[in-house]
Amino acid sequence: MKKKLKIILLLVILIILYIYTIAIGYLPDNIVLFEGEDLQIPSIFGLLFNIESESKTLETSANTSNKISDKVGVTNMEVSLFNKLFIKEVEVSVLPKTKVIPVGNLAGVKLYTNGVLVVGMSEIQGMDNKLYKPYEKTGIEEGDTIISINSQTIHNTEDLIESVNESSGNEIKIDYVRDNQTLQCSMTPVKTSEEEYKLGLWVRDSAAGVGTVTFYEPKSGSFGALGHGIVDIDTEKLIDISSGEFVTTKILNVQKGEKGSPGKIQGTIENQKNIGVISKNTKFGIYGKVDNIDTLNLQNSEEMEVASRDEIHTGQATILSTLENGNTEKYNIEIVKIFKDNNYDNKSMQIKVTDERLLNKTGGIIQGMSGSPIVQDGKFIGAVTHVLVNNPEEGYAVFGDIMLKQLNLNN
């Protein structure tokens, strides 16, 4: 009996440790709030947040407000366990309230990677007709980003090819990035012709597509779009970018969505006008600066406040989308569910298309509509992000406050 009790007690202790480990693991390194917004961090017993404010320490547990967001600026928050064991320090940035202009225009995206992305591997045949795998047992994997060879920075595929050929078949040192960590390996290129050497790696240095511009912030001249990040089609990982271009798009075709088969907007970005530059590709959208504001056609657009989550409610709302060249329209939708405490992904709200005009044109939500801004009660509340494949009339949207915070994070 005593042995069983000890085992049960040990299991309980392990479960408690696991819960605390998970809770601590979810704590961010930095938090962005709007002026007047409560800082709410789901917590567990004993996890305390100490905030230095006006020469005194404010101590609290689970739901922390303490007027930390009454003043614009940066505050450090110390996290501890029972005020005894230091866990980490979290930077809290408080932003001034801002207004945006919901846009809804379709635009083209060109992204250039920070280094070259490994998207595949294959055997290569040498001049001796033997098959080789130079990458084998080096540790490098699909989804890794090569940033330098023999300490020479790699910007694109041309740089990679040049560096490999210059090796003349001698071993090279490769620096690559995986999950924000820089790693190194050695690899020996294989001679495949008189002047050519290869590694057996398939790489990519750019990506392109179309999506919807969500908002324009007049104060900073910045934009937000898509509501989700751009991932590589082969590795399904978020693309780490060095730069990007935002350009106008000419719609070629709108393919209607059906159950089990998502529709899409087909467009071309060839010979189009520049809108601006892209500086961020995040899981909550892409962001950058507008260079040519005339391309957004904002003459009749309305500047409005960004709604707080407490102001968003289930029921009717509208989205702005472009399905015909030069024609952005409002369509009715319904907010079905709201996941108020969700800060971890871009499925903040469940939505349903109710506008018969949109249903007749698209069947609901289709690819290319991601980023379509959502307005409710005269305020910007979020952007369309996903469609339910088995029911294209429904999908998900991200909160507007999340997108604005991403725009300002680390700027």
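Quick caveat: nothing in here was measured; it's all calculated off a predicted structure.

Calculation rules
Residues numbered from 1 in each chain as written. Predicted model: local features only at pLDDT ≥ 70, side-chain atom pairs only at ≥ 80, totals over all residues. Heavy atoms only, no water. Helix = DSSP H or I, 4+ residues; strand = E, 2+ residues; numbered from the N terminus. Buried < 20%, exposed > 50% of the residue type's maximum accessible area, 1.4 Å probe, protein only. Contact = heavy atoms within 4.5 Å. Areas by Shrake-Rupley, 256 points an atom, 1.4 Å probe, with all protein chains shown as cover. Polar contact = N/O pair within 3.5 Å; in protein donor to acceptor, adjacent residues only side chain to side chain. Patch = residues over 30% accessible without salt bridge, like charges linked within 9 Å, V, L, I, M, F, W, Y side chains within 5 Å. Salt bridge = Lys/Arg side-chain N within 4 Å of Asp/Glu carboxyl O. Core = buried A, V, L, I, M, F, W, Y, C linked by side-chain atoms within 4.5 Å. Phe/Tyr/Trp six-rings, centres within 6.5 Å; stacked < 30°, edge-to-face > 60°. Lys NZ or Arg CZ within 6 Å of the ring centre and 35° of its normal. Pairing = 2+ DSSP bridges. Axes fitted to C-alpha atoms, helices over the stretch in contact; angles between N-to-C directions. pLDDT = per-residue confidence, 0-100.

Each helix and strand counted, the protein has four helices and 29 strands in total. Dimensions along the principal axes, computed over C-alpha positions, put the protein at roughly 70 × 70 × 50 Å. The buried share of the protein, taken over its 411 residues, is 46%. By sequence separation, contacts in the protein at least 24 residues apart represent 66% of the contacts at least 6 residues apart. When the accessible surface of the protein is totalled, it reaches about 21,600 Å², and 48% of it is carbon and sulfur.

Let us look at the side chain of Ser-148. Secondary-structure assignment places Ser-148 in strand 10 (residues 145-149). The exposure class of Ser-148 is buried, given its relative accessible area of 8%. A distance of 2.7 Å separates the side chain of Ser-148 from the side chain of Asp-175, its partner in a polar contact. With sequence-adjacent residues up to four places away left out, Ser-148 is seen in contact with Thr-153, Ile-154, Lys-173, Ile-174 and Asp-175.

As a further point, take a nonpolar patch on the surface. A contiguous nonpolar patch, built from Ile-7, Leu-9, Leu-10, Leu-11, Ile-13, Leu-14 and Leu-17 and spanning about 660 Å² of accessible area, is present on the exposed surface. Position of Ile-13 among the secondary structure elements: in helix 1 (residues 2-25).

Time to look at the nonpolar core. In terms of nonpolar packing, the biggest core is built from 42 residues, with Ile-351 and Ile-374 touching the most fellow members. With residues up to four places along the chain from it excluded, the contact list for Ile-351 reads Ile-333, Glu-334, Ile-335, Val-336, Ile-365, Ile-374, Val-384, Glu-393, Glu-394, Gly-395, Tyr-396 and Ala-397.

Attention now moves to helix 4 (residues 400-408). An α-helical segment advances 3.6 residues per turn. Residues three or four places apart therefore align on the same side. For helix 4, the buried fraction is high: eight of the nine residues fall into the buried class. Residues of helix 4 that are buried include every one of Gly-400, Asp-401, Ile-402, Met-403, Leu-404, Lys-405, Gln-406 and Leu-407, and no others.

Our focus in this paragraph is the packing of aromatic side chains. Following the criterion strictly, the structure yields two aromatic pairs and no others. With centroids separated by 4.6 Å and ring planes inclined at 5°, the aromatic side chains of Phe-223 and Phe-246 adopt a geometry described as stacked. Remark: Phe-246 occurs in strand 18 (residues 241-248) and Phe-223 occurs in strand 17 (residues 222-225); sequence separation between them is 23 residues. Taken as a pair, Phe-223 and Phe-246 share a single burial class, namely buried. A cation over a ring is seen here: Lys-347 above Tyr-396, with NZ or CZ 5.2 Å from the ring centre.

One side chain can pair with another of opposite charge once the charged atoms of both are near each other. Under the counting rule described, the total for this entry stands at 13 salt bridges. For the salt bridge of Asp-401 with Arg-309, the shortest nitrogen-to-oxygen distance reads 3.2 Å. Here the residue Asp-401 occupies a position in helix 4, and Arg-309 occupies one in the loop between strand 23 (304-305) and strand 24 (315-324), the gap between them amounting to 92 residues. Accessibility classification places Asp-401 together with Arg-309 in one group, the buried group.

Strand order in the closed barrel formed by six strands is 24-25-26-29-28-27, and the pairing between neighbours is antiparallel. The average angle at which neighbouring strand axes cross in this sheet is 40°, direction not considered. Across five bridges, strand 25 (residues 327-338) lies against strand 26 (residues 349-353) in antiparallel orientation. Bridge pairing links Glu-334 to Lys-352 in strand 26. Sheet contacts for helix 4: strand 28 (379-388) and strand 29 (391-399); angle to strand 29, the most-contacted strand, approximately 50°.

In this structure, Gly-209 sits in strand 16 (residues 201-217). The partly exposed category is assigned to Gly-209, whose relative accessible area is 29%. Along the primary structure Gly-209 and Lys-110 are separated by 99 residues, whereas in three dimensions their C-alpha atoms are 6.9 Å apart. Contact partners of Gly-209, with chain neighbours within four places excluded, come to Ala-107, Gly-108, Val-109 and Ile-269.

This part takes up the environment of Gly-104. You can see Gly-104 is positioned in the loop between strand 6 (99-102) and strand 7 (106-121). Considering only alpha carbons, one finds Gly-104 and Ser-321, 217 residues apart in sequence, at a separation of 4.8 Å.

As a further point, take the confidence of the model for the protein. Per-residue pLDDT for the protein averages 86, and the proportion of residues at 70 or more is 92%. Per-element averaging of pLDDT across the protein places strand 3 (residues 56-60) at the bottom with 43 and strand 27 (residues 373-376) at the top with 97. Across residues 54-66, confidence stays below pLDDT 50; counting only partners more than four residues off in sequence or on other chains, it has 37 contacts.

What follows is about the environment of Phe-45. The topology assignment puts Phe-45 in the loop between strand 1 (30-34) and strand 2 (47-53). A C-alpha to C-alpha distance of 46 Å links Phe-45 and Ile-174, two positions 129 residues apart in sequence. Once you skip the residues sitting within four places of it in the chain, Phe-45 turns out to touch Tyr-20 and Phe-82.

The phi torsion at Asp-179 lies on the positive side, around 50°, for a residue other than glycine. In this structure, Asp-179 sits in the loop between strand 12 (172-178) and strand 13 (181-187). For Asp-179, a relative accessible area of 67% corresponds to the exposed category. Although it is not a glycine, Leu-226 sits at a positive phi angle of roughly 75°. Position of Leu-226 among the secondary structure elements: in the loop between strand 17 and strand 18.

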